Amino acid sequence: MAAGALQSVALIGVGLIGGSWVLALREAGLIGGTVTGCGRSPENLEVARQCGIIDHATTDPQRAVRGAELVVLAVPLGAVRGALEAIRDDLADDAIVTDVGSAKRCVVDDARLVLGDAAVRFVPGHPIAGNEKSGAAAAFPELFRNRRVILTPDADTDKAAAARVTALWESVGASVATMTAAHHDEVLAATSHLPHMLAYSLVDTLSRWSDRDEIFAYAAGGFRDFTRIAPSDPEMWRDICLANREALMEAMERYMADLQELREAVRTGDAERLEAVFSHAKATRDRFVAMLES
Ligand code: NAP
C-alpha cells in the first residue's frame, strides 16, 4: 500500500468512469481502507461489489459520505446537484469532494450554491477518457493511463485539496491540466460534444430515410468509424447538451456555417474549394494522429 493511501472513499455513481478510477486507485495501492458505492440500482451495486470496485453498497448518499475523506461524484450531470444537496450535511469537515462531469461551469455553480463554505474543498474534474459503454461492469483500471484529466479549480479552491486530487489522477497514469471551467466548456464543446452531435444526428437522419435498409446494408468501415460514439448513453449526452448549452450552440453554429459552405461548393461544382477543404482537413488529421502516437 502506498504512503498516504485513502482510508475511506465514497463513490456516488458507480459506473464506467467512477468505477474505473477506483479500480485504478486500488491497483496503484492508493486505497488502504474501504470504498462505499452509492447508486439507485442494487443490481449495478452488486456487480460493482463482485468486480472489486466497492466494499459496501448503499442507495443512501448521506450514509455513503459519512466519515469519507474523499467523495467522488460520478453520476450523470443532471444528477450532480441533487447528489450535492443530499450529501451536504453529512460531509466530514475535511472531506475532499471531486467530480468527473463532462461539463464544468454548471457543476462549479451548483457546488458553490449547494456547498457554501465547503465548496473550497470541491475540486472539479473531467477525465478525457471513456467509451460508449456504461455501468459498473464496463469499468476497467487502465482507462486513464496516458490520458488527460482537466481540473478546473478557482482562486478559492483549497490548494491542498487540488494537489491531492491532482496526485490521485497522476498516480493512475493520467496527466493533469488546469484551466477555468468556462474555457474547459468551450474546448470540450468543440472536441467532444460537437462530434457526438454529428454522430447521433447522422445515424438518426439516415435511419429515417425510406431506403435505410439498403443504406445500412452497404455502409462500410468509414461509416462504422464515424459513428462509433453514436451508441453512447442517451441520458448522459442529454445532460451534457443541457449543461453546456451555450458553448455547444456556438460550436454547432460555426460548424453549420462551414457545412453550408461545403454544400455550396458541391452545388456549384467548385472543385478547387472542395479539394482545398479536404487537403486542409487531411493534413490536420494526420498531424493530430502523429501527435497522439508520438
Ligand atoms: P455510467 O457508466 O452510466 O455511470 C453513472 C452511474 O451513476 C450509473 O451506474 C448509475 O447507477 C448512477 N446514476 C445515474 N443516474 C443517477 C441519479 N440520478 N442519481 C444517482 N446515481 C445515478 O456513466 P459514466 O460514463 O461513468 O459517466 C459518469 C460521469 O462521467 C458523467 O457525469 C459523465 O459526464 C462523465 N464522463 C463520462 C465519460 C464517458 O465517456 N462515459 C467520459 C468522461 C466523463 P444507478 O443507475 O444504479 O443509479
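Keep in mind it's a predicted model, so treat the numbers as computed, not measured.

This part covers the site of the ligand. In the vicinity of the ligand, 25 residues are found, and the nearest of them are R40, S41, V75, S102 and G135. N44 places a side-chain nitrogen or oxygen 3.2 Å from an oxygen atom of the ligand. Within the backbone of N131, an N or O atom sits 3.5 Å from an oxygen atom of the ligand. Taken by itself the ligand offers 880 Å² of open surface, and the protein chains cover 85% of this. Broken down by secondary-structure element, the contributors of at least two residues to the shell around the ligand are α1 (16-27) and β7 (125-128).

According to the domain assignment, the protein chain consists of domain 1 (6-179) and domain 2 (183-293). With centres defined by C-alpha atoms, the gap from domain 1 to domain 2 works out at 30 Å. Opposite the 17 residues of domain 1 that make contact, domain 2 presents 15 residues. Together domain 1 and domain 2 conceal approximately 1,300 Å² of surface at their shared face, both sides included; 63% is due to carbon and sulfur atoms. On the domain 1 side of the contact with domain 2, S102, E132 and M179 bury the most area, a combined 38% of that side's loss. At the boundary of domain 1 and domain 2, one finds two salt bridges.

Turning our attention to the sheet that holds strand β9 (residues 175-178). Adjacent strands of a sheet pair through backbone hydrogen bonds, lying either parallel or antiparallel. Reading across the sheet, the three strands line up as β7-β8-β9 and stay open at both edges, with mixed pairing between neighbours. Two strands lie at the open edges of the sheet, namely β7 and β9, each paired on one side alone. The average undirected angle you get between the axes of adjacent strands in this sheet is 25°. Judged from the four bridges that link them, β7 and strand β8 (residues 148-151) form a sheet pairing that is antiparallel. Residue pairing across strands places I128 opposite R148, the latter belonging to β8.

Right, let's get into helix α10 (residues 234-243). Taken residue by residue, α10 has W237, D239 and I240 as its buried positions. All buried residues of α10 lie within an arc of 155° about the axis, which places them on one face of the element. Exposed and facing more than 90 degrees away from the buried side of α10 are P234 and L242. Each element contacted by the buried residues of α10 is listed here: α7 (181-207).

Quick look at the packing of aromatic side chains now. Evaluation of the coordinates by the stated rule reveals three aromatic pairs. Look at F144 and W169: their rings are 4.9 Å apart centre to centre, the planes differ by 80°, and that puts the pair in the edge-to-face class. Within this pair, whereas F144 is found in the loop between β7 and β8, its partner W169 is found in helix α6 (residues 159-171), the two being separated by 25 residues in sequence. Ring centres of F216 and F223 lie 5.6 Å apart, and the angle between their planes is 65°; this geometry places the pair in the edge-to-face category. Using a relative accessible area of 32% as the deciding quantity, one classes F216 as partly exposed. Overall, the relative accessible area of 22% leaves F223 in the partly exposed class.

For the rest of this paragraph, the subject is the sheet that holds strand β2 (residues 31-38). Strand order in the open sheet formed by six strands is β3-β2-β1-β4-β5-β6, and the pairing between neighbours is parallel. The strands lining the two open edges of the sheet, one partner per strand, are β3 (56-58) and β6 (122-123). Alignment of strand β1 (residues 6-12) against β2, held across six bridges, turns out to be parallel. In the sheet register, L6 faces β2, and the bridge partner there is I31. Against the sheet, α6 engages β1, β4 (70-73), β5 (96-99) and β6, with an angle of about 55° to β5.

Criteria and thresholds
Residues numbered from 1 in each chain as written. Predicted model: local features only at pLDDT ≥ 70, side-chain atom pairs only at ≥ 80, totals over all residues. Heavy atoms only, no water. Near = heavy atom within 4 Å. Polar contact = N/O pair within 3.5 Å; in protein donor to acceptor, adjacent residues only side chain to side chain. Areas by Shrake-Rupley, 256 points an atom, 1.4 Å probe, with all protein chains shown as cover. Helix = DSSP H or I, 4+ residues; strand = E, 2+ residues; numbered from the N terminus. Domains from an automatic or database assignment. Contact = heavy atoms within 4.5 Å. Buried area = accessible area lost by both parts, 1.4 Å probe. Salt bridge = Lys/Arg side-chain N within 4 Å of Asp/Glu carboxyl O. Pairing = 2+ DSSP bridges. Axes fitted to C-alpha atoms, helices over the stretch in contact; angles between N-to-C directions. Buried < 20%, exposed > 50% of the residue type's maximum accessible area, 1.4 Å probe, protein only. Arc of directions from axis to C-beta. Phe/Tyr/Trp six-rings, centres within 6.5 Å; stacked < 30°, edge-to-face > 60°.

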